[in-house]
Amino acid sequence: MLRPSPAPAPALRSVLTALGSPTAVREARTPALRAAQGPLSPELPLPVHVLGVAGSVADATGPAGRPPHTRLAGWRFLIRSGDRAIAAADTMLTPDGWSFSHFFEGPYVAATERALIQAEALRTPYQPRLLSVPELYMLTLWLHAEPDADDHTAAPGPADLLVPLSPAPPGIAADRPYRVADLLPVLSLRLAPPPLLGSAAPA
């Protein structure tokens with residue numbers, strides 16, 4: 001069961017304006033968007049959070065017990081044509097507020113739509129978000145267990161689920177939900193900086 005948060009009105013307006021601009025659509029690197037027939041509509045808005053290297057699990061499970069560091073980087077809308085999503089639109093926060101960033105297509109569009117449909121069948125209510133790990137070229141559907149939480153706040157909590165979207169990094173199964181405590185340690189190891197040359201290996 002999903003309880004999505006409404007996207008900021010300026011973010012939605014910026015995407016609608018871009019969809020209505022022949023120049024913006026024509027210049028986008030999205031053949032499916034340019035070739036689409038009929039109306040296009042931005043749907044299923046999701047806040048996009050970025051997981052910082054400095055806030056990996058080493059911090060979350062260490063003596064300090066600090067949660068992972070995340071920041072709200074934008075809102076993403078799936079662009080629907082007919083009965084399926086063919087592209088997505090990203091918005092970003094600027095000094096003047098939310099504005100359109102770019103259109104794109106690719107495997108994450110279908111993977112996001114598929115993960116949302118699967119999550120809708122869950123009995124527990126979740127607030128859907130996206131969690132990006134740029135250093136690993138990884139994107140997950142973040143199912144936040146506090147459906148009424150502020151979109152700008154909160155790091156992944158113990159009751160949250162993370163669903164890696166396909167294609168996921170090697171060794172991480174895509175399209176299946178992980179508990180935060182199970183997936184974040186794996187990400188932490190991959191995000192940890194390599195040991196300095198000549199330093200002793202950990203015991």
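Procedures and definitions
Counting from 1, residues in each chain are numbered in the order their sequence is written. It should be noted that, the model being predicted, local features are given only for residues of pLDDT at least 70 and side-chain atom pairs only at 80 or more, the latter also being counted only at that level, while totals for whole chains, interfaces and linings use all residues. By convention in this description, side-chain values take in all heavy atoms of the structure and omit both hydrogens and water. Runs of H or I in DSSP of at least four residues are treated as helices and runs of E of at least two as strands, each being numbered from the N terminus. Helix span, as expected, comes to 1.5 Å for every residue beyond the first. Per-residue accessibility, obtained with a 1.4 Å probe over protein chains only, is compared with the maximum for each type, and a residue is labelled buried under 20%, exposed over 50%, and partly exposed between these values. Think of it this way: DSSP has to see at least two bridges between two strands before they count as a pair. Side-chain atoms within 4.5 Å are what join buried Ala, Val, Leu, Ile, Met, Phe, Trp, Tyr and Cys residues into a set we call a nonpolar core. Whether two residues are in contact is decided by their heavy atoms: any pair within 4.5 Å suffices. Throughout this description, the term salt bridge denotes a Lys or Arg side-chain nitrogen within 4 Å of a carboxyl oxygen of Asp or Glu.

Now for helix H5 (residues 107-120). Three- or four-residue spacings in an α-helix give side chains the same orientation, since the helix completes a turn every 3.6 residues. Taking 1.5 Å of rise per residue, the 14 residues of H5 would be expected to cover 20 Å, and the 20 Å separating its terminal C-alpha atoms lies within 8% of that figure. Restricting attention to buried positions, one finds in H5 the residues Val109, Ala111, Thr112, Glu113, Ala115, Leu116 and Ala119.

With 7 bridges connecting them, strand E3 (residues 84-94) and strand E4 (residues 97-104) associate as antiparallel partners. Bridge pairing links Leu93 to Trp98 in E4. Linking E3 to E4, which pair antiparallel, is a turn of 2 residues.

The next point concerns the nonpolar core. Ranked by size, the top nonpolar core spans 20 residues in total, and within it Leu130, Leu141, Leu143 and Leu165 carry the most contacts. Counting residues per element, the ones that place at least two in this core are strand E1 (41-51), E3, H5, strand E6 (138-144) and strand E7 (161-164). With 5 residues, the single largest contributor to this core is H5. Other than its neighbours up to four places away in sequence, Leu165 contacts Tyr108, Ala111, Thr112, Ala115, Leu130, Leu139, Thr140, Leu141, Ala174 and Asp175. In this structure, Ala11, Leu33, Phe77 and Ile79 belong to the second largest nonpolar core, which totals 17 residues.

Inspection of the entire model under this criterion finds 4 salt bridges. For Arg76, the salt bridge identified is with Asp90, shortest N-O distance 2.7 Å. Linking Arg76 in strand E2 (residues 70-81) with Asp90 in strand E3, this pair joins segments that are 14 residues apart in sequence. Residue class for Arg76 comes out buried when judged on its relative accessible area of 12%. Relative accessible area serves as the criterion here: at 11%, Asp90 is assigned to the buried category. Here Asp175 ties to Arg114 by a salt bridge, and the two come within 3.5 Å at their closest N and O atoms.

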